[in-house]
Structures are given as C-alpha cells and as structure tokens.
Number of protein chains: 4
Amino acid sequence: MMLCFTSDYTTGAHPRVLEALQAINLRETAGYGMDEDCRAAAAHVRDLCAAPQAQVHFLVGGTQANLVLITAALRPHEAAVCAETGHINVHETGSIEAAGHKVLGVPAPDGKLTREGIEIVLAAHADEHMVKPALVYISNTTEVGTVYTDAEIEAISACCRENALALYVDGARLGSAIAAGGASLKTLARCADAFTIGGTKNGALFGEAMVLTNPALMRDFRYIMKQRGAMLAKGWLLGAQFAALLQDGLYFDLAAHANTMANRLALGMKDRGYGFLYPPVSNQIFPIMRDGAAQRLMQHVQFQRAQPLGDGESVWRFVTSWSTKEADVDALIDFLEPVN
Amino acid sequence: MMLCFTSDYTTGAHPRVLEALQAINLRETAGYGMDEDCRAAAAHVRDLCAAPQAQVHFLVGGTQANLVLITAALRPHEAAVCAETGHINVHETGSIEAAGHKVLGVPAPDGKLTREGIEIVLAAHADEHMVKPALVYISNTTEVGTVYTDAEIEAISACCRENALALYVDGARLGSAIAAGGASLKTLARCADAFTIGGTKNGALFGEAMVLTNPALMRDFRYIMKQRGAMLAKGWLLGAQFAALLQDGLYFDLAAHANTMANRLALGMKDRGYGFLYPPVSNQIFPIMRDGAAQRLMQHVQFQRAQPLGDGESVWRFVTSWSTKEADVDALIDFLEPVN
Amino acid sequence: MMLCFTSDYTTGAHPRVLEALQAINLRETAGYGMDEDCRAAAAHVRDLCAAPQAQVHFLVGGTQANLVLITAALRPHEAAVCAETGHINVHETGSIEAAGHKVLGVPAPDGKLTREGIEIVLAAHADEHMVKPALVYISNTTEVGTVYTDAEIEAISACCRENALALYVDGARLGSAIAAGGASLKTLARCADAFTIGGTKNGALFGEAMVLTNPALMRDFRYIMKQRGAMLAKGWLLGAQFAALLQDGLYFDLAAHANTMANRLALGMKDRGYGFLYPPVSNQIFPIMRDGAAQRLMQHVQFQRAQPLGDGESVWRFVTSWSTKEADVDALIDFLEPVN
Amino acid sequence: MMLCFTSDYTTGAHPRVLEALQAINLRETAGYGMDEDCRAAAAHVRDLCAAPQAQVHFLVGGTQANLVLITAALRPHEAAVCAETGHINVHETGSIEAAGHKVLGVPAPDGKLTREGIEIVLAAHADEHMVKPALVYISNTTEVGTVYTDAEIEAISACCRENALALYVDGARLGSAIAAGGASLKTLARCADAFTIGGTKNGALFGEAMVLTNPALMRDFRYIMKQRGAMLAKGWLLGAQFAALLQDGLYFDLAAHANTMANRLALGMKDRGYGFLYPPVSNQIFPIMRDGAAQRLMQHVQFQRAQPLGDGESVWRFVTSWSTKEADVDALIDFLEPVN
C-alpha cells in the first residue's frame, strides 16, 4: 500500500468533528449561517483573537474565501500585492482577475513578502495609467512552508498602514504556522484587516473562518458572499465543525501533530544526508533529492516535485497532516536511500 | 416546540448519506473530485440519464452551480432569459450580472417560461445596441412550486434549438419535480444542454450534480469551477453523498416522501376551506390565508409570507422535505382555523 | 434627396467648434486631459453650475460616460435603478452588467422615474439574497423626449438622500432639456451626485462633460476612466470643443434651435390632425401615425418606428438637432398626409 | 520656448485629415460606423493587407482597442501572454484584468517576445488550478522602440498556431514599425488573428483600425465594441480620417518622417558620444545620459526618464512624430552636452 504525503486534505474530518455533525443532523436549524452553532463558533474565535469587535464568517473553501474578501475590499482599479508564489497569483485559476483585479507578484525567494518588496511595487505604480496597489495578501504558512513571526507580521502591518494598504492573511494552514511559532491569533487580529483560520487542512471536512477586524470590510460582507456562491445553505455545518475544532484546543493539537510528523520526517531525511531548500518548520517540507532516488521512492510513497534544479536533482514536497501516522513517517524514512 | 415548514434545507443529511461519509472518513483520497466516489456517482448519473456521453461535475451549492454554468456558456455580450421570478433574477444577489451578463426576466404568472415568452424577448433584441439572448434558464420545480412536464420541456427545447439558445435547467428541487410527474432525467438529458440534480434539498448535507450534455460546455469546465471557488478540495464528499443517494433509488424515495407530506398538508388545507395560488403539486405549496389567521398559526408553526394580496389576505409558503414527519403535518393541520 | 430626422447625431460639429480645433491643431499640448483647454472648459462648467468644488471630466461618448460613472460609484453587490426604458437598461448592450452590476428597471410610462417607483424597488430588496439598490439613473431629456423639471429633480434627489442612493443624471440631451424648461445646471449640481452635459448631440463632434459633485465619486475617477478605455490621448480635443460650445452660450442657443425645429414640426403635425404619445416638448417627438401613411412618408423622409400600437397604427420618432434646417421641417410638413 | 519630445500624440491631425473632416462636416451620415467613409477605409485596409476576407473596425483609442479585442477573444479562464513591459500589462490600469483576464508577463529585455518565452509560460500552466494561456499580445513597435521583422512575426505565429494561441499585434505605432523595416501589413494579415493600425500617433486626431482575420473573432465583434463604450456615435469621423491617411500613402510617409527625425536625433547623440539602451530604429529612442546633463537639457527640451541605471545615470526617452520639425531636432542636438 502506498504511503500518502501529497497534501493535508486527503482524509475527512477528525472524529470529534464528525460526531458533532452527527449529533445535530436532524435538528431543525436556520440556514445561511444564521444559527446558534455559527454564533457560538464566532464568539469563540473572537475570544481567541481578543477581538470583541471582529466579524467572523464561515466559508467552505480557500479560493472562495480569498475571492470574497478581495472582492469586498477593492475598488475596480485597485490591485492586490503578493509574493510571486502567492496562491492567488498562481493556483486559483485567475479568480482575482476574474473579479476584475490585477495581482502584482513580488519576487520572494522564501515565499515571504517584506516591506522592501511592497515598497518597490508602490514606487512603480505612480499614476492613473497603472493600477493602484491597495491590498497586501500573504499566507501563513506560505506556499513553501515558511512562517511569518509576530515581528514580521507587525512590520508588514506597519508598512501597510503607512501606505493605506489593507493587509489580508490567508490562513489555510494557520494552525501549522501557529504551532511552528508563527504569529499568534491576537497579533493577526491586531495587525491584519482580515485573515482566515483554515479548517479544511486541519481537521474539518471543509471550512475557513474569515475574521474581519476592519469595519470597512464588514459592511455588506454577506452580500458579497452570497453573490459569489459562497454562502452555504446549511451554514451550521461550518459553525458546528469550528465549534468542535476550537473546543479544548483540538485545532491547535491537530496542527501540532502535523508539524511533529513533518519534523520527524525532516530529521530522518537529514540523518540520511538530505538538504532542504528552506529550513523545514511547518507541515510542508521541501527536501532536495536526486531524481532517480525520488522515482524509486515513489514506488512506495506519494509525493510531488516542487521544482527541478537541473543536473538530475529537484526540490520535492512532502506534506503531513493531523491524520498522518507516526508509523507511516517511519516507514517512509526506512525507504529513503542515504545520500552518499 | 415550533413546527418548521419554512424550507427544505433545515436538517442535515439522510442517515445513509452520513454513514457513507463516516465509512470513508479516514481513507486517503485524491482531491478536487478526481476520486473513485465521484467517478462512480457520475457513472450512475449517466446511466439514469441514458446519456453515456454526458459530463457530470459535483458542486457544493445552487448559486455556485448556476453561476459556473452560465459563466461557462456565455460570451460577454450574451444574456440569460428566465421567468421574472427566476432564482438567478431575484435571489442570488446579482451573481450572473457580477459575472458580466444581463438577465432578461420574462413575466410568467405561474413561474413557467413558454415559447411565447422566449420569442417576445428574442424579437425585442435585434441588434448590437442590445444584449444578445443566448441561454434560457428554467427551474424544475419552479420557484413557485409548479412543474414542467416532459412535453413542456420538449417544447422549450425545440424553441431554444431553433433560435440557437442553450437550455439550462436548475434542478435544485428536481427530485420533487420528477416525483410530481415532471420531466424525467432522460428527457432532460435529451432536451437540455445542461441541468443540475439537487442534493442539498433532498437528503444530502450539500451538493448539486451538474450534468453537461452539450460538448461545447464541457470544454475546460473544471477551469471555470476552480476560478469561481466552486471546486471542493475534498471532492469525494460530494461523490460519496450522491453515490449513497442514488443507490436503490433513495433520492427518488426521499422526494416522493416530501411531496406526499405536502399533498397531505394541502388536502388538510382544502378541507378547511383554503384556496391556493397555484395547484399544489410539489413540496412547496402556496395557500391563500387571511393575515390574522396566519399570524395566529405562526405561534405554532414557522412558515413565510410569499406575497401580500391586499385586503388583509396573503399568499403563504409552506415547504416539506425528506425529513418532514407525518405527525408534524397532522399537528399543523390541527392548528388551521377553518375558513368560514 | 431624403430629409433626415432619425437622430441628432447625423452631422459633424458646429463651425465654431471645428474652427477651435483647427486653431490649435499644431500646438504642442499635454495629453490625457491635462491641458489648458480642459482646465478652462472645466472652470466654465463649474461657473455655470455654481459648483466651485465640482470635478469636471471630459469623455468621448455616452455609453462610456455612464459605464465609467456607475463603475466608480458602486460596490459589486450594488445595483442601479432606472426607468424600464432607461438607456443603460436597453440600449448599451449590457455595459453595466458587464461591469458587474444589475440594472433594476422600473415601469415608467412617460419615461420618468418617480419617488414611488424608487420606493417600490427599495421595498422589494430587503436582504443579502438580493442586490442592493445604490444608485438612481435618470436621463434628461428621457429616452421618450420628456423632461424633468427642477421640482421633479429635487423630489427624486430628496428620495435618494433619504435612502442613501446616489443620483446620476445622464445629460446626453441636457441642452434640449434645459431649453425646454427642464431642471437647470444649478439644480442638477445641487441635487445630483453626478451628471453629464452632452456634446455629441448638441454641436460637438463628440464629447460628454461629466460633472461630479459628490467627493466620494471624485476619488481616483481618472483611474476608472483610463481602465475602461475612456481617457482620450489627445484630451484637449474635448476641452477645446466644450470651451467653444460654452462661449457666449452657443451650447444653449443650439439646443434652443433644435427644440424650435421640433416644436415647428409638432405644430405642423397637430395641424394635420396627428396626436402624440407624449406632449412634444423637446427635440424628440413621438407622433401617432397609421403605418401606411408612415411608409409613404418614408419615401421622402428618414425616421423610425418607436413602438407598434396595433390596428395598423404606430408611434413614430422624429428627432431634430442644432443643424436641422427650417426649410427641411417645412418640406416634411408638406409631405404629411392629413388625418381624416 | 520649449522643444517637445515627450510623445507622438502632442499635436492634432495632419492638415489633409482635418480637411477631410471639414469637407463632410454637415453631410447627413448614418451613425456607429455604418457609413460610406468607414466602408471605403475598410476596403482600402483590406487591399493593403491583401486580406479580402478580413473585417475592419474603427475604434477611438488604443486601450479601448486592446480591451475590446481581448474581451472578444478569451473565455473567462483564459489569459493573455505578453512581454513584462507590454502596454496591457503595465500602462492600461488593469483594463484586461477588469475584463476578467490574467495577463502573464514574460521577461523580455528588448521588449520583444520570443517562442522561448511563450513556451516557458505554456509549460508552467499545466492544469485547471492555473489560468490557461490563450492569446499572445505583442506591440510593433514595442514599448521600447524595438521592431519585429517579418521573420520574427512568422516565428511567433508558428508557435501560436502549434499551441492554439491567438496572436494579436497592437499597432499603435505600426506606421513607425513598417517604416523601420518591420513586418508588413500582408505578413501581419497572414500571421496574426488580429492587429491594429494606429492613427492617433501617426496623423489622425484619434483612431485605431482593428483588422480581424480570424473568423472566430469576427462573430458579434460590434456587440463587444458597443458594450465597452467603444462604438463612436459619429463613426464616420474615424472612417474619414483613415481614408485620408491611406490615400496616396500619406500614412506611410508620415511614419517615415517620424523615423527620419528620430534617426537624425540619434545620429546627433552618437556624435556627441551618447550610447543607447537599444539600437535606435523607430520613432522612440532611448539614450543613456548622466542625470545632471539631462536636467540641464530639460531647461530647453521636454522628454522623460525611462529607467534609472544608478550611479547618476539613466535611460531617457525621446519621441518624434509626423509633425516633428527638422529644425527642432537640430536645435535639440545643439543643446546636447558632449560626453567626455
């Protein structure tokens, strides 16, 4: 049987999440997120964020969440700034452009945007013949598994506020980022105008919690959700899942497990002599491996090539999740050929 | 405790659907609908439709399904034609316009479009200073609970083909339409370019199966899904639900139950002297009731006003579903004041 | 030779306008409307409007002007309200929908929107499942040649301000409206958030002056112009034309001439026994004529059918302009068959 | 008095163009481009292109032309490929994204796209999680004054056809390109699916002729024009200008003059020791000059900085046009400080 390390959304939900859905399955509930589970989960999120004024909305998926937020935030001539590798720039089939907005990609070798990168974009967009940068998009963790710390989020936020840019943090893998010592929920709530807490990749069947801290974004947000097909009829399915995940810190425990599995795998790789493109810190790791060795490994393990390096060598991507088993990690390590 | 007759999406999923999700919860599965459950469910749909060439895609919700299909079908200057009461024209927050297309509403007192209505629109759109009608949207059942028969679908389809219009049938309540003697899946597959089979309102947690019979619509359909945030990461959740619903005809049994409950309620209303705006045939019924009587009933039952008629009288909307209990219908009937 | 009464844009520019363009033809001038002619014309417009704070932009055409203004004014889920016959609703090929916004048409038999019509739309749009009316679009003169007075504009404006709706007046034929006793420039500047002063149909080769009085609309307006292809490279061509038209009241004299010609024609028609669908007051008039008589007249005169009335009778549309010759009007009258 | 070398659209029209407009000023003419001047000019264009099946449309400006063509060509998930410096990528305020499409910029040091650049983009866009490259946009001359030859256009066209990409050539400065030995009209008509012949920058008041050779683009093109506000009411103003420009080869003479003036200026600069970023071949030239010398020159001459090089040196942009006077070029040369 193949070991699976291709992504963190290859299994369903944590059993406690499924039980929560089972428990209320036949209850009569108001639709469209106007229910008690959504209210309770939103209150819990606000508590964890120390953001009593925040609005919390629940959406099914990440592309949807990014699309709705950016649509709500920008006027037609305004653009989003992100790392060249940013998910909205590469892997969402032009959803932001389909909503009318240019995405301005900034080279960012480790996937992380900096004040310098943002300022270069601002300097290059001077008049009405060019789009106007108006929102900064970052992901934590990033697309290459790196993590923004509290200090880095604060620095980006300061730059954004100086330049009238909204800051939006895509937290599809926020659990892993926090478990890896990344910026806390409270820092995000203080520094970002909006951010998501991803459920799909950390214990839920599906679901992203969108936290809005900037009142300008809150106005009519549900209209935009509905218009983009992002308002789930049985909205309580989202509220109930997040309520279950947030109870007793399950969400953070699951993320810690995923990181622990990735670290264990990374150690095993280092032991066998593999290097990494970026220091492995979260639940996605990027070892460098000869193509032949990788192909032999693929007879036993599913994983993906991230980037060819030439000379018969590539960067590869291994992902762990809340449901990764330690035995599978160890089995994978056993399959690794030592680098000589 | 209140009886609930406001909609057909106030409870979760049929137990067999939940069991199916439970059974595969920890299985490692490919994402984005590229899995065996989706393949099996799609094959089953093709069989039921006698449409071996059809493409079947699974989406989470109805607004999403309508939006993706119409986006895939139309060039920028082309418009959708529908009944003035059409869901896309009234209750989807302008999602079709947000995708760039005008919706041309046609007066249709019973919610049903006819050849005559379509031809009036065509005659009124003669040159490039006006949008070009290019797609006809209908729902079965309609927004007011009426049902298109096989013959009616064939007539609309003939009109569409004569005029180079695509025909799309929104089947959010297709189960109820079929159970009420409406057009069959085979007729739809033969007559429409695309249609949906709604799961959300008939036993699923969520989910609409999109059936594409016109090859022009198939091209790159998954790109449009992804771009609009309508490709579920854990796509097997949709395939597995539809597989469970289609097994042994569960889907049709559930719809028949909903209709039976609505018929029982309608009979009780008729016995007490109530008239109806439209003959009650599907799982939505629209009795006429004095406002005072309705308000007193609302102390025991949740339901909605559809339309005021003046003189202290209104049309009201009662909806049943697969999970409506006969005892609740009877309890509702007991609360009804006789019309004197 | 055929007489031409089909529209008010069948000839070029008033000679003084052409002379102005000739005079500066080889002058080196800054592009994109950043020139002294545009500045002078804008200042003149502000003076005439008694609106020293207004922004004035010059655009080439009417569809462009409507599209840019409404794009600048609305968020994605917001809609424009207009008469069912409104130009943006019928004759601009869905340009507003292509910019993402629903147009809500209100029945208006004489082409004029009223508080009652607006309030019906507002009452029907109650929650986030429907678009949110946010801007009222009217034309002066209307598409059927009727005229809003000062009092009517003030009433609509009051309704808009009570309901947080922007008011935009399409003045493609504003000269004719003012010459017919319609609302003044000063009233418009006080009551509307934005309006245009049409040049194309009143002495210019092309050009519409957009007057913005609401500061929220001014922000980044030139970005939206550029993005929609509505910023003319040699912008001074617009400034110079408006400067010429506004000098010594030429603009108003030309409009008065057009109306005088239409009135003369209407009197001739009345003398011969013709009735009108609307009282003829501006440069578009709509007599009722038997189809046979109209067809015979078309051997000598170009004009259009506005609307069939049945029974061999229709409403017809005749349009005069600044360049209509009195002799042509009289020749047309001579061709008219008396109604017996 | 300042010498003006900032752009090629700082003066009006060639006298023969103005005379043509004057001559027909009071003629009654059908609107929207349905007139004899447009027909005649279109026929002349087809002749020059040896493309009897081509459709020719006349638009006011370049952003408009690009926007309409690309809107007509692409489905929602499809993207345009161009040089990173491409006008649609940088200087049209995101008009293509506002129409819903991603622009994929390819590094191109000399402003010219190659097969290699296109193939890198194609290889990077493999599945439905990414946009689908479907159209290649190039300009001739490019944004940096370089020129595609017949052979280069043929090579790009071959690559496009192998990969099902449409090829669109923005000819805002096509006259200058042809006069510099660039690809001929016949080559363009044979190799491109669509291209423009720019009038604004070569003798017209305004106007771009859009030549469509691919029948798929012709379908309903006028609908898209109208919808985007790109159909001029007095369309004959465009037809008459192009008719005048194409008569007796005036268009090509004017372009040759602009290039001659630029070459004379470039020679003067070389004589004084200046180098160029790109070999100066068309009517835009890019000398390298120390910032101090440039600032002193700016006391007498208007021109722009293209790009700072660091160390007190920059690339500067000088543009000539059909109306540039030889005496002004010589005066400019006299102001140049020799490089020591």
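For the structure itself, consult the block above.
In this report, we go over the structure that sits alongside the text. (Residues numbered from 1 in each chain as written. Chains lettered and ligands numbered in written order. Predicted model: local features only at pLDDT ≥ 70, side-chain atom pairs only at ≥ 80, totals over all residues. Heavy atoms only, no water.)

1. Some details on the relation of the copies chain D and chain A
Next, step 1: Here chain D sits on chain A after a turn of 180° about the axis and a move of 0.0 Å along it, with an RMSD of 0.0 Å. One copy is carried onto the other by what is essentially a two-fold rotation axis.
Next, step 2: Comparing contact sets, 100% of the residues at the interface of chain D also lie at the interface in chain A, consistent with an isologous, same-surface contact. (Least-squares fit on C-alpha atoms with pLDDT ≥ 70 in both. Contact = heavy atoms within 4.5 Å.)

2. Quick look at the relation of the copies chain A and chain B
Next, step 1: With an RMSD of 0.0 Å, the fit of chain A onto chain B corresponds to turning through 180° and sliding 0.0 Å along the axis.
Next, step 2: Most of the interface of chain A is mirrored in chain B, where 100% of its interface residues are also at the interface.

3. A closer look at the nonpolar core
Next, step 1: With 125 residues, the main nonpolar core has C:Phe195 and D:Phe195 as its most contacted residues.
Next, step 2: For C:Phe195, the contacting residues outside a window of four places in its chain are C:Cys49, C:Tyr168, C:Val169, C:Leu174, C:Leu185, C:Leu188, C:Ala189, C:Ala209, C:Met210 and C:Val211.
Next, step 3: In this structure, A:Leu250, B:Val56, B:Ile153 and B:Leu246 belong to the second largest nonpolar core, which totals 124 residues. (Core = buried A, V, L, I, M, F, W, Y, C linked by side-chain atoms within 4.5 Å. Buried < 20%, exposed > 50% of the residue type's maximum accessible area, 1.4 Å probe, protein only.)

4. Focus: the interface of chain D and chain A
Next, step 1: Counting residues at the interface gives 17 residues for chain D, matched by 17 residues for chain A.
Next, step 2: For the pair chain D and chain A, the summed buried surface comes to about 1,300 Å²; carbon and sulfur atoms form 53% of the total.
Next, step 3: Broken down residue by residue, the surface that chain D buries against chain A is led by D:Thr93, D:Glu97 and D:Lys102, which jointly contribute 40%.
Next, step 4: At the boundary of chain D and chain A, one finds two salt bridges.
Next, step 5: Here D:Lys102 ties to A:Glu97 by a salt bridge, and the two come within 2.6 Å at their closest N and O atoms. (Buried area = accessible area lost by both parts, 1.4 Å probe. Salt bridge = Lys/Arg side-chain N within 4 Å of Asp/Glu carboxyl O.)

5. Points about the pattern of salt bridges
Next, step 1: Per the stated rule, a full pass over the model turns up 58 salt bridges over all chains.
Next, step 2: Put simply, A:Arg264 and A:Asp330 hold a salt bridge, and the shortest N to O gap is 2.8 Å. In this pair, A:Arg264 is assigned in helix α13 (residues 250-271) and A:Asp330 in helix α15 (residues 326-335), connecting sequence segments 66 residues apart.
Next, step 3: Looking at A:Asp330, the relative accessible area reads 26%, which means it is partly exposed.
Next, step 4: Two residues, D:Glu152 and D:Lys112, come together in a salt bridge whose shortest N-O distance is 3.0 Å. With a gap of 40 residues between them, D:Glu152 in helix α7 (residues 150-162) and D:Lys112 in the loop between β4 (103-106) and α6 (115-124) connect regions that are remote in the sequence. (Helix = DSSP H or I, 4+ residues; strand = E, 2+ residues; numbered from the N terminus.)

6. Comments concerning the packing of helix α12 (residues 236-246) of chain B against helix α13 (residues 250-271) of chain B
Residues and elements named next belong to chain B.
Next, step 1: It is at 5 Å that the axes of α12 and α13 come closest, and there the two elements cross at 70°. Taken together, the axes of α12 and α13 are roughly perpendicular relative to one another. Residues Ala-244, Leu-245 and Leu-246 of α12 touch α13, and the partners they reach there are Leu-250, Tyr-251 and Leu-254.
Next, step 2: Looking at the contact of α12 with α13 residue by residue, the class counts come to six nonpolar, no polar and no charged. (Axes fitted to C-alpha atoms, helices over the stretch in contact; angles between N-to-C directions. Parallel < 35°, antiparallel > 145°, perpendicular 65-115°, else oblique. Nonpolar A, V, L, I, M, F, W, Y, C, P; charged D, E, K, R; others polar.)

7. Focus on the side chain of C:Asp37
Residue and element names in this part refer to chain C.
Next, step 1: Within the fold, Asp-37 resides in helix α2 (residues 36-49).
Next, step 2: For Asp-37, a relative accessible area of 14% puts it in the buried group.
Next, step 3: Once residues lying within four places of it in the same chain are set aside, the contact partners of Asp-37 are Ile-24, Arg-27, Trp-236, Gly-239 and Ala-240.

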